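Descriptive analysis of the structure
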Amino acid sequence: MNRSCGRISIQFLIVIAVIGTGGWFGVNEFNERLIFVKETDARIAAPMVTVSSRVDGWVTEVLVDEGESIGQSEPITQIDARRDELELRQLDVLLESISADREQLLAERRMVSEQMRTQLDSRNSRVEAAEALVQSLAPRLDLARTELARARKLSADGVVSKQQLDQARNAVYELEGEYLGAVARLAEAQSERAETIAASGRTEVISKELDKLGPREALLKVRRSQRQLEVEDRTVRSPSSGVIDKVFVEAGEYVRAGQRLLIMHNPDSIHVDVNVKE
C-alpha cells in the first residue's frame, strides 16, 4: 500500500513538472508573439556586381579566390599585356626620336641664323665700302672731265701745251678706270649680299620642318595614351570593395572583351526581404 502511494506521488510530481514546464514555455511563446513577429518567408539579398574584361587576351593570373574579401581598385585578374607593352615602348622611342629631331633642327636653325647674320654683316660692309668709293670717285671724275674739256679749249687757243692736255686726258682715263672698277665691285658686293639674303631663307625651311613635328608628335601621344589605357585594362581591378562570390575563369584561358570574369557583392549593402502576414 505504501509502495503504491509512493509511486503515485512520484508520477504526480512528474506530471506537475511537465505541466509547469509546458506552461512556462507557453507563456514565453505568448509573450514573444505579442512583442516580436516571426516569419519563415524571408530572403537575404545583396547587389551583385559582374566584373568583365574590357579587352581580348590570355588570362595569365587570377589573383583572387571565391569567398575572399578585396578592396576597391585591387587587382583581381591579369591578362597578357606583352604585345601592348612592346607597342608602348615603340611609341616612346618614336616620341624620343621626334624630340631629338626637334633639338637638331633648333640647333641647325641657330647655327644657320648666326652664319647668315655674320655673312650679311660682312656683305653689308663690302657694299657700304664699295658705295663710298663710287661716291668719292664720281665727283673726282666729273672734275677731271671738266678739266680735260678746259684743257682742250685752251690747247686750241695755244695757251696749254700738248703735254698738259695729255696729262688731263690721262687723269680722266685713270679715274674712269677706277670708277668703273668701283662700280663693278659695288655690283659684285650687292650680288653677294642678295645671295646671302636668299640663303637666309634656309631658316624658314627649318622652321617649317619644325612645324611638321608638332602634329606628328601630337598623333603619337594620342596613340600612346590609347595604348596605355589598353595596358591598364589588362590588369582587371575591383570596381568596389566586396566579397568574391564566383570566379568563372582560370589562368591560361582566352577571354573576349565583355566576357564575365567573376561575380562579387558588397557585404555592407545586404537587404532582407520578409513577407509578414497581417
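So, a few notes on the structure that sits alongside this text. (Residues numbered from 1 in each chain as written. Predicted model: local features only at pLDDT ≥ 70, side-chain atom pairs only at ≥ 80, totals over all residues. Heavy atoms only, no water.)

**Let's talk about the packing of helix H2 (residues 82-156) against helix H3 (residues 162-199)**
Quick note on the threshold: Axes here refer to lines fitted to C-alpha atoms; in helices the fit is confined to the stretch in contact. Angles between the N-to-C directions go from 0 to 180 degrees. The secondary structure listing takes helices from DSSP runs of H or I that are at least 4 residues long and strands from runs of E that are at least 2 residues long, numbered from the N terminus. Oblique is the label for any angle not under 35 degrees, not over 145, and not in the 65 to 115 range, which are roughly parallel, roughly antiparallel and roughly perpendicular in turn. Should the near helix be turned counterclockwise from the far one by less than a right angle, the crossing is left-handed, whereas a clockwise turn marks it as right-handed. Amino acids are sorted into nonpolar (Ala, Val, Leu, Ile, Met, Phe, Trp, Tyr, Cys and Pro), charged (Asp, Glu, Lys and Arg) and polar (every other residue, Gly among them).
At a minimum axis separation of 7 Å, H2 and H3 run at an interaxial angle of 160°. In terms of orientation, H2 lies roughly antiparallel with respect to H3. Crossing geometry of H2 relative to H3 is assigned as left-handed. Its residues placed into classes, the contact of H2 with H3 shows 23 nonpolar, five polar and 14 charged.

**Examining the sheet that holds strand S3 (residues 57-62)**
Let me state the cut-off plainly: A pair of strands is labelled paired if DSSP reports no fewer than 2 bridges between them.
Taken together, the four strands give an open sheet; going across it, the order is S6-S5-S3-S8, and neighbouring strands pair in antiparallel fashion. Lying at the two open borders of the sheet, with one neighbouring strand each, are strand S6 (235-237) and strand S8 (254-255). Of the strand pairs in this sheet, strand S5 (residues 75-79) and S6 are connected by three bridges, and their pairing is antiparallel. What sits directly across from Gln78, in S6, is Thr235.

**Overview of the packing of aromatic side chains**
Applicable threshold: Pairing of aromatic side chains here covers Phe, Tyr and the six-membered ring of Trp, requires ring centres within 6.5 Å, and sorts the geometry by plane angle: under 30 degrees stacked, over 60 edge-to-face, intermediate tilted. Three labels apply to residues, based on accessible area from a 1.4 Å probe with only protein chains included: buried if under 20% of the type maximum, exposed if over 50%, partly exposed otherwise in between.
As enumerated under the stated definition, the model contains one aromatic pair in all. Ring centres 4.9 Å apart and planes at 70° place the aromatic pair Trp58 and Tyr254 in the edge-to-face group. Pair noted here: Trp58 is in strand S3 and Tyr254 is in strand S8, with a separation of 196 residues, a long-range link. For Trp58, a relative accessible area of 46% puts it in the partly exposed group. The class for Tyr254 is partly exposed, based on a relative accessible area of 35%.

**Some thoughts on the pairing of S3**
Note that S3 and S8 share two bridges and pair antiparallel. Looking at S8, one finds that Gly57 is bridged to Val255. Bridging between S3 and S5 involves three bridges; their strand directions are antiparallel. Bridge pairing in S5 links Val59 to Ile79.

**Looking at the environment of Glu204**
By secondary structure assignment, the location of Glu204 is in helix H4 (residues 202-233). Placed 95 residues apart in sequence, Glu204 and Arg109 show a C-alpha to C-alpha distance of 8.7 Å.

**Focus on the sheet that holds strand S9 (residues 260-265)**
Strand order in the open sheet formed by four strands is S2-S9-S7-S4, with antiparallel pairing between adjacent strands. The sheet is open, and its two borders are formed by strand S2 (48-52) and strand S4 (69-70), each paired with just one other strand. Strand direction decides the pairing type here: strand S7 (residues 242-247) and S9, joined by four bridges, are antiparallel. Across the sheet, Val243 pairs through a bridge with His265, a residue of S9.

**Some words on the layout of surface pockets**
To keep it simple, the criterion reads: The method works on a 1 Å grid over the protein atoms by themselves. A cavity is a set of points holding a 1.4 Å probe that cannot get out, a pocket is an open set with protein on both sides within 12 Å along at least five of seven lines, and residues with an atom within 4 Å of a point line them. Grid points are joined across faces, edges and corners, and a volume is the space filled by probe spheres set on the points.
Taken as a whole, the largest pocket holds about 200 Å³ of empty space. Of all the elements, S6 adds the most residues to the lining of the largest pocket, at three residues. For the lining of the largest pocket, a count of residues per class yields three nonpolar, five polar and four charged.

**Observations regarding the pattern of salt bridges**
In plain terms, the rule: For salt bridges, the criterion is a side-chain nitrogen of Lys or Arg within 4 Å of an Asp or Glu carboxyl oxygen.
On inspection of all chains with the given rule, the structure shows 18 salt bridges. One network of salt bridges, with partners in common, ties together Asp84, Glu87, Arg227, Glu230 and Arg234.

**Side note on the pairing of S7**
Residues in a regular strand project their side chains so that they alternate between the two faces of the sheet. In the sheet, S4 pairs with S7 via two bridges, with the strands oriented antiparallel. In the strand pairing of S7, Ser69 is matched with Val243.

**A few points about H2**
For the record, the criterion: Helices are assigned an expected span. That span is 1.5 Å times one less than the residue count.
Over its 75 residues, H2 runs 108 Å from end to end, which matches the ideal 111 Å to within 8%, given 1.5 Å per residue. One or two residues past the end of H2 sits Gly158, with phi positive at roughly 80°.

**Comments concerning the environment of Ser207**
Turning to its location among the elements, Ser207 is positioned in helix H4. Sequence separation of Ser207 and Arg109 is 98 residues, and the distance between their C-alpha atoms is 7.7 Å.

**Let's talk about the side chain of Glu192**
Short version of the rule: A contact between two residues is defined here by any heavy atoms of the two lying within 4.5 Å.
Among the structural elements, Glu192 can be located in helix H3. Given a relative accessible area of 18%, Glu192 falls into the buried group. When residues no more than four places from it in sequence are discounted, the contact partners of Glu192 are Arg123 and Arg126.

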